[in-house]
Amino acid sequence: MSELHKFIFDGLPVRGQLVRLTDAWQELLRRRAANTQTGAYPPAVAEMLGEMTAAAVLMQGNIKFDGALVMQIFGDGPVKVAVAEVHNDLRLRATATVVGAVSPGMQLPEMVNAHGKGRCAITLDPRNRQEGQQPYQGVVPLVGESGAPLMDLAAVVEHYMRQSEQLDTTLVLAADEQVAAGLLIQRLPVQGQDNLSQSSVAREDAGEVAEDDYQRIAILAKSLKREELLGLDADTILRRLFWEENLMRFEPLAGAQGPRFACSCSRSRVAAMLKGLGQDEAEDILKEQGQIEVGCDFCGQQERFDAVDVGRLFTPAAQQSPEPGSVQ
């Protein structure tokens, strides 16, 4: 089961989170692989998208915001755009648009930032947006302060948090076909600093001592290997990394309260769209293709309607015969 673990280091201005996406991530990949038009993501794209999804969950988990956090990576490589969306209740979905060949082992600059035009955008979209209210958005290029390309998603998010949010952040990410996982360590914001969460803390030790504490814990976090992040449970990871630290952990978020796949697409919404097209146009598509097939642009789920399905859409309910297997 997918889960999110939050913790703080007692007495230190440092917080952390660990996310492991299992069933949620597997369902996302299953839907894409089942799509007859797109097929499965190339392994390098799936790895990048899994890391994005884990990072988006970690960022959403750090803020108090009634709405969706949307992370986008877009550029001029074979991956035109990748998007991960996480709501405040940790419902998530993600997608990527692949327009060219992606070879195994291809890294982020080659996939998205081939000619230096790649960007990362983080958007906070309020659930109940007021008239005239604009979403908060920050955008950074996929290059570091020196101008050199950022080689992976963790470096991109760390760069974004420093440039756009002024928060020291350390991130370790990994994904394969079974698990998408991430570890985030963050130095707490100083009083008065604006950031995604619009939160701050007052502390007297905001100088060298606090910096030393953060750097020590960041080094421990960075020692976490990819295979450990993917293969070990949360308790084992946190115990191995921070066994000398006074770690205070909150109740893990899992199940209905934890990260879980959810997409707004549904068969009923597709049916409503077909009814909006009108019976004549729907029947023209049937004559040409034999069935009507509609895929969700976001998650890849496909819904198919044959002649019987379409006939029922345009037949008044009182005139419809029972569906096979229904009980009268």
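This text follows the structure it describes.
Novice: Looking at this structure, how should I read the sheet that holds strand β6 (residues 119-126)?
Specialist: Backbone hydrogen bonds are what pair the strands of a sheet, in a parallel or an antiparallel way. Strand order in the open sheet formed by 6 strands is β7-β6-β3-β4-β5-β12, with mixed pairing between adjacent strands. Two strands lie at the open edges of the sheet, namely β7 (136-141) and β12 (260-261), each paired on one side alone. Sheet topology note: the β6/β7 ladder contains 6 bridges and is antiparallel. Following the sheet pairing, Leu 124 is matched in β7 by Tyr 136. Each of β3 (67-74), β4 (79-87), β5 (91-98) and β6 is contacted by helix α2 (residues 43-61), which is oriented at about 30 degrees to β4, the strand it contacts most.

Novice: Would you mind showing me how to read the packing of helix α1 (residues 23-34) against α2 here?
Specialist: How two helices sit against one another is set out by the angle between their axes and by the gap between those axes. Viewed as axis vectors pointing N to C, α1 and α2 meet at an angle of 140 degrees, and their least axial separation amounts to 12 Å. In terms of axis orientation, α1 runs oblique to α2. In this structure, the crossing between α1 and α2 has a hand that is right-handed. For the pair α1 and α2, contact is made by Trp 25, Leu 28 and Leu 29 and by Ala 46, Leu 49, Gly 50 and Thr 53, respectively. For the contact of α1 with α2, the per-class residue count stands at 5 nonpolar, 2 polar and no charged.

Novice: Just to check I follow, could you spell out the environment of Gly 67 for this structure?
Specialist: Turning to its location among the elements, Gly 67 is positioned in strand β3. C-alpha separation for the pair Gly 67 and Asp 89, spaced 22 residues apart in sequence, amounts to 8.7 Å.

Novice: Hey, could you run me through the packing of α2 against helix α4 (residues 153-164) in this one?
Specialist: The contact between α2 and α4 brings their axes to 10 Å, and the two run at 35 degrees. Here the hand of the crossing between α2 and α4 comes out right-handed. Residues Met 48, Glu 51, Met 52, Ala 55 and Met 59 of α2 touch α4, and the partners they reach there are Leu 153, Val 157, Tyr 160 and Met 161. Looking at the contact of α2 with α4, its residues break down into 8 nonpolar, no polar and 1 charged.

Novice: Please clarify how the nonpolar core should be interpreted in this entry.
Specialist: Across soluble globular proteins, nonpolar side chains show a tendency to be buried alongside one another. By size, the foremost hydrophobic cluster in this structure holds 63 residues, and its most contacted members are Leu 49, Ile 73, Met 111 and Leu 153. With 12 residues, the single largest contributor to this core is α2. Those residues in contact with Leu 49 that sit more than four places away from it in its chain are Trp 25, Leu 28, Tyr 41, Ala 82, Val 83, Ala 94, Thr 95 and Ala 96. By size, the runner-up hydrophobic cluster in this structure holds 24 residues, among which are Val 179, Ala 218, Leu 229 and Phe 242.

Novice: Looking at this structure, I do not really get a nonpolar patch on the surface. What am I missing?
Specialist: A surface patch of nonpolar side chains, amounting to about 260 Å² of accessible area, comprises Ile 8, Met 248 and Phe 250. Residue classification places Met 248 among the partly exposed positions, given a relative accessible area of 37%.

Novice: How should I be thinking about a negative patch on the surface in this particular structure?
Specialist: A cluster of acidic side chains, namely Asp 280, Glu 281, Glu 283, Asp 284 and Glu 288, defines a negative patch on the protein surface. Relative to the assigned elements, Asp 280 resides in helix α9 (residues 279-289).

Novice: Looking at this model, I keep getting lost on helix α7 (residues 234-242). Mind explaining?
Specialist: Note on helix geometry: an α-helix contains 3.6 residues per turn, so any two residues three or four positions apart are oriented the same way. Every buried residue of α7 is accounted for by Ala 234, Thr 236, Ile 237, Leu 238, Leu 241 and Phe 242. You can read the cap of α7 off the contacts: a side-chain oxygen lies 3.1 Å from the backbone nitrogen of Asp 235, and it is on Asp 233.

Novice: What exactly am I supposed to notice about α2 here?
Specialist: Here α2 contains 19 residues, and its C-alpha end-to-end distance of 27 Å stays within 8% of the 27 Å for a straight helix at 1.5 Å per residue. Across the 19 residues that make up α2, a large majority, 17, are buried.

Novice: Just to check I follow, could you spell out the pattern of salt bridges for this structure?
Specialist: Applying the stated criterion across every chain, the model contains 12 salt bridges. Salt-bridge contacts for Arg 216 lead to Glu 245; the nearest nitrogen and oxygen are separated by 3.0 Å. On the criterion of sequence distance, the pair formed by Arg 216 in helix α5 (residues 208-222) and Glu 245 in the loop between α7 and β10 (247-249) is long-range, its members being 29 residues apart. A residue is classified by how much of its surface remains accessible, and Arg 216, at 35% relative accessible area, is partly exposed.

Novice: What exactly am I supposed to notice about the environment of Gly 50 here?
Specialist: Position of Gly 50 relative to the elements: it lies in helix α2. Assessed through its relative accessible area of 0%, Gly 50 is described here as buried. Taking the C-alpha atoms as reference points, Gly 50 and Asp 176, separated by 126 residues in sequence, lie 7.5 Å from one another. Each residue touching Gly 50, except ones within four places of it in the same chain, is listed here: Trp 25, Ala 175 and Ala 180.

Rules behind the numbers
- Residues numbered from 1 in each chain as written.
- Predicted model: local features only at pLDDT ≥ 70, side-chain atom pairs only at ≥ 80, totals over all residues.
- Heavy atoms only, no water.
- Pairing = 2+ DSSP bridges.
- Helix = DSSP H or I, 4+ residues; strand = E, 2+ residues; numbered from the N terminus.
- Contact = heavy atoms within 4.5 Å.
- Axes fitted to C-alpha atoms, helices over the stretch in contact; angles between N-to-C directions.
- Parallel < 35°, antiparallel > 145°, perpendicular 65-115°, else oblique.
- Left-handed = near helix turned anticlockwise from the far one by under 90°.
- Nonpolar A, V, L, I, M, F, W, Y, C, P; charged D, E, K, R; others polar.
- Core = buried A, V, L, I, M, F, W, Y, C linked by side-chain atoms within 4.5 Å.
- Buried < 20%, exposed > 50% of the residue type's maximum accessible area, 1.4 Å probe, protein only.
- Patch = residues over 30% accessible without salt bridge, like charges linked within 9 Å, V, L, I, M, F, W, Y side chains within 5 Å.
- Areas by Shrake-Rupley, 256 points an atom, 1.4 Å probe, with all protein chains shown as cover.
- Salt bridge = Lys/Arg side-chain N within 4 Å of Asp/Glu carboxyl O.
- Lys, Arg positive; Asp, Glu negative; His and termini not counted.
- Charge placed at Lys NZ, Arg CZ, Asp CG, Glu CD.
- Polar contact = N/O pair within 3.5 Å; in protein donor to acceptor, adjacent residues only side chain to side chain.
- Expected span 1.5 Å × (residues − 1).

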